[in-house]
Every structure is written in structure tokens, then in C-alpha cells.
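Per-entry structural report
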Amino acid sequence: MHQLTINRNDPIPIYLQIYQRFCDAVHSGSVCPGDRVPSSRSLASELSVARGTVEEAYALLTAEGYMVRDGQRGSIISKQLINLPNHQLKQSELQKEPRMQADVTVGNIVPFQLGHPALDVFPRKLWSRITSSEARKFCDIDLKYPAPTGYYPLKENIARYLALSRGVHTSPHNIVVTYGYQGALDLVIQLILRAGDKVWLEEPGYFGTQEAILRSCARAIPVRVDKHGLSVEEGIVKAGNARLAIVSPSHHSPTNVTMSLPRRIALLAWAAKRRAWIIEDDYDGEFHYTGKLLPALKSLDTQDRVLYVGSFSKTLFPSLRLGYLVVPDDLIEKAQTIVNYRDRGVATFQQKVVAQFMEDGHFFRHLKRMRTTYERRRTILTNSLNEVFSDQLNIPHHEGGMNLLAYLPAHIKDRQLVALAAKSNIAINALSATFLQETEQNALIFGFTNVQEKNCDKLCQQLGKALRPIFKK
Ligand SMILES: Cc1ncc(COP(=O)(O)O)c(C=O)c1O
């Protein structure tokens, strides 16, 4: 905490000013849970005020839970404040411009919008048939509180799917069904992070991960992603003692880079050596189009340091809010306790429908169909963009993912283009906005999953028209 100052001309009593300065320091992150508080005697002498004035402020801070006694050694900032917003990454290091895209999650899908699977190929009739059939079987168990870690038959199906499709061999007992990836991430934060712990975040990265860590009381450590994935070397130099690394090895979000095998091995070796944890965000691991579907990082994890997260948001649809976390043996009991006291688990009925959908073999068929649809849509979009923008966009080829990136000529800024496109109701995104820190990298991000073949040329022409004022300069 910077030197604490008071204003003797302020009508606010001095003890309240001291109280307020501490509160501000906690909320801005300039002091952290667990930090030692100066003794009332030394602070009183530093501020030239009576000791009783400081004691009055400390009593208020203690009563409100900001401060706690730490035995003979004085007081500390309460370690319970772990859910306060985090500003550990210095504000001066964060990007000045807002990073988050405008909320396009409500209403219809806008052209090129990210984050949604192809809604037109979802088997709606089949889904409603299974839903009705499950509703007819409604019994007492469906009305009770759900099982905290998830509906067991769904967990069995997930375990079977993970073994077959992702090379992850786990027992249903190690699976916790969550409110999507975001719910799993939140659970891991509560499960393993303590105030001030360092967390490696991919830079650039997914805003859902970035925001969750920035709002926790851990310290975000951005670690560069290059063409082999997260640079483990840079992570070790910046914070070898980090407690957690969060990665998307199958297809990095948003660049689609697949983490190379040497990097996977280096990351696992670091975690094993430092007793650190890794979250593997495998939200789109299924959508790999060239070569073989790669097994998950978790499949190489002999030391049980990886907390694997999957989500039904991309493989089925995001309004389900269903995901799953594979929890190592050591942590499963604690995870169960946290869920029990936090939200008591996920609604049973939707889990039953998904379990039946998987049990009947529809899940695999649906994934197969989506893979071929996406591969086709991605090729068609790449060709249309190249045609409309001649060779001004550089669109690298990646083996998978649900979006594509188009790098721009050096003089063009991605956010300018995004703002122009938005005026024509086109929802492209800026690569630069996915960095926590300032960057020179500029590219447009296109979601292609919902761009139907018949509309693609027309949409690209509309985009070309919308962006002409900048490309013409
Ligand atoms: C990188 C990444 N991880 C995970 C998810 C899935 O999040 P959720 O399961 O909370 O919908 C997304 C969704 O867009 C994502 O982009």
C-alpha cells in the first residue's frame, strides 16, 4: 500500500478517512488478503494522530471483516476476501481501451458472431422427442435437490466419451458436472487458489478466463502464445512459482494454434516439479479437421496435475449451461463440499436429457456432422474473404477451431474495422482486444460456424463494402 494520507481540512473524521483508505486499498488490489497491517502505534506516529484514532479505524475495519487479528503478531487483511476484484496486474499494464466486445449474446446470431455452434444443424426434433420422453418419466428423484457432482448416468456417459474421443481415462467419480466451462473455472478458483497466488494466462486469451482471474484474488501473469502454443519458458521466467496455468491446448483461443508435443511435455514437467496445477480448457477439441483428432493434454498427465474441462456449449448448445470438470482424486471430496455449499449442483432434468442423447449414440453422430459442416464452411469463408479483399488479408491455415483469423496490413487497426462493421450489424472481433496488455498484433476474428454456404459470398461482399473506407486509404 502506498503511503496513507489524511486531510485535516476534510470534514470527514480522521478515523473514517483511515478506514476509507484501507477499504480503497483492498478494493483496488494495492493491498492483498493476508498482507500485514502496520501496528496502530506505528501508523499513529506516521500520521501524527492519536493512537486511539487509528484503533477506532481498525476496530471498524475488523468489525466489517476487512481485518483480522493474527495472534501476537498484530493484524492482517482478511484472507477471506478472496472474491474481491483483482487488480494485481498493475492497472498501467492493462490495455487502456475496453477489451470486451459489446454484448451480442442476446437476440439472433449476428453474421460472424463467435462462440456459437452451428444452430441450423442441431437435431431439434430429436432433442424435443428425447426431452418429452424424459418428461413423461418424471419421478421423485427429479424433484429433489440434484446430486452435487452431477447425475451419475451422465457422468458415466461423459467418462466413456472422454476415453473414446479425447484419450482421457477417468472414473465417473472424478467428474463434476458444472454450469459450463465458466462454472468449472469458478470451482477450480475456489478449490485451489489462495490470495496472491500467481496464475499463467495465455496472452492473447479468452475473455471469460481473463475476467474470472482478474476478478479473483489471484495474480494474473500473461504468458505469450506463439506458433507452438503457450511459451512455458516465458512462464517459468515470469513466475516459475505460479500455482496454476490455464491453457487451451487443442486449439488456442482465439488463434487456433495447437500446442506442440514438446510444449505439452514441458508444461506437464513444470507442473509436476512445482506441484502446480493446469486447467485444460478443451471446449472445442472435437473440431479438428485435418490430420488426426489429437488426444487431450490430460491423456499425458501421469502425475495428475491437470484439471480437465469440457463443455456442451459447443458440442450441443450454449443455453444448456452444462460442462464438466475432471478432478484428481486428492481434490474430489473438497470439490463436492464446495458445490454443496455453493449452488448444490446443476438441474437434474437437462442432465438426464443429455445423458439419454449420449446413451443413444446421437452425440457422436452429431459431432461427426458438425465437423464436416465446419470444415466446409471454413473453406468457403476463406475463399470468399480472399476474393473480396484480394490479397490484403493473410488467413493462416490451422488444423481446427471454430473461428478464423485474418491478419491485416501493418497500417490498419483491427478495432477500427470492427467498429465500422458493427454499424452494418456485422459482428467481427479484434485480435488486439483479446490481449490483456497493449499489443501491436492486429487481425480480424470471424466465427464461421453459423455462416451458411448459401449466404457466405453475400455477407463477405457486405463486409467489404462496410470496410471500404479504410481499405481504400
Ligand atoms: C476459450 C473458451 N473456453 C470455453 C468456452 C465455453 O464456455 P461455457 O462452457 O461457459 O459456455 C468458450 C466459449 O465461447 C471459449 O471460447
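Cut-offs applied
Residues numbered from 1 in each chain as written. Predicted model: local features only at pLDDT ≥ 70, side-chain atom pairs only at ≥ 80, totals over all residues. Helix = DSSP H or I, 4+ residues; strand = E, 2+ residues; numbered from the N terminus. Rg over C-alpha atoms; globule rule 2.2 N^0.38 Å. Buried ≥ 20, exposed ≤ 12 C-beta atoms within 10 Å, placed from the backbone. Contact = placed C-beta atoms within 7 Å. Domains from an automatic or database assignment. Pairing = 2+ DSSP bridges. Expected span 1.5 Å × (residues − 1). Arc of directions from axis to C-beta. Core = buried A, V, L, I, M, F, W, Y, C linked by C-beta atoms within 7 Å. Near = placed C-beta within 6 Å. Nonpolar A, V, L, I, M, F, W, Y, C, P; charged D, E, K, R; others polar. Axes fitted to C-alpha atoms, helices over the stretch in contact; angles between N-to-C directions. Parallel < 35°, antiparallel > 145°, perpendicular 65-115°, else oblique. Left-handed = near helix turned anticlockwise from the far one by under 90°.

We now examine the overall build of the protein chain. Summing up its helical and strand segments, the protein chain has 16 helices and 13 strands in all. Here the protein chain has a C-alpha radius of gyration of 25 Å; the compact-globule value for 473 residues is 23 Å, and the two agree. A principal-axis box enclosing the C-alpha atoms of the protein chain has dimensions of 75 × 65 × 45 Å. Taken over 473 residues, the protein chain has a buried fraction of 42%. Residue pairs at least 24 apart in sequence account for 73% of intrachain contacts in the protein chain once pairs closer than 6 positions are excluded.

Moving on: the domain arrangement of the protein chain. Splitting the protein chain by domain gives domain 1 (14–81), domain 2 (123–362) and domain 3 (365–471). Of note, the centres of domain 1 and domain 2, computed from C-alpha atoms alone, are 39 Å apart.

If you walk across this open sheet you meet the three strands as 11-13-12, and the pairing is antiparallel. Two strands lie at the open edges of the sheet, namely strand 11 (403–407) and strand 12 (429–430), each paired on one side alone. Taken together, the five bridges between strand 11 and strand 13 (residues 443–447) define a ladder with antiparallel strand orientation. Its bridge partner being in strand 13, Leu405 is matched across the sheet by Ile445.

Compared with an ideal rise of 1.5 Å per residue, which puts 13 residues at 18 Å, helix 3 (residues 51–63) spans 18 Å between its outermost C-alpha atoms and is within 8% of the ideal. Looking at helix 3, one finds that the buried residues are Thr53, Val54, Ala57, Tyr58 and Leu61. Buried residues of helix 3 fall within an arc of 135 degrees about the axis and therefore sit on the same side. Along helix 3, the residues that are exposed and aim more than 90 degrees away from the buried face are Gly52 and Ala63. Where helix 3 ends, the next residue or the one after it, Gly65, has phi of about 90 degrees, a positive value.

Next up on the list: helix 10 (residues 261–274). End to end, helix 10 covers 20 Å across 14 residues, agreeing with the expected 20 Å (1.5 Å per residue, within 8%). Those residues of helix 10 lying buried are Arg263, Arg264, Ala266, Leu267, Leu268, Trp270 and Ala271. Packed against the buried residues of helix 10 are strand 6 (229–230), helix 9 (232–239), strand 7 (244–247) and strand 8 (277–281).

Another point: the nonpolar core. The biggest cluster of nonpolar side chains holds 89 residues, and the ones touching the most others in it are Val199, Ala245, Leu267 and Leu307. A domain split of this core shows at least three residues from each of domain 1 (14–81) and domain 2 (123–362). Grouped together as the second largest cluster of nonpolar side chains are 24 residues, Leu408, Ala430, Ala433 and Cys460 included.

Right, let's talk about the site of the ligand for a bit. Not every one of the 14 residues close to the ligand is listed here, only the nearest: Gly180, Tyr181, Ser253, Ser311 and Ser313. Broken down by element, the shell around the ligand gets its largest block of residues, three residues, from helix 7 (residues 180–192). For the shell around the ligand, the residue count by class is four nonpolar, nine polar and one charged.

This part covers the packing of helix 4 (residues 124–136) against helix 13 (residues 348–359). It is the contact of helix 4 with helix 13, at a shortest axis distance of 9 Å, that shows an interaxial angle of 125 degrees. With respect to each other, helix 4 and helix 13 are oriented oblique. Seen from above, helix 4 lies across helix 13 with right-handed handedness. The segment helix 4 lies against helix 13, with Ile130, Thr131 and Glu134 engaging Phe349, Lys352, Val353, Gln356 and Phe357. For the contact of helix 4 with helix 13, a count of residues per class yields four nonpolar, two polar and two charged.

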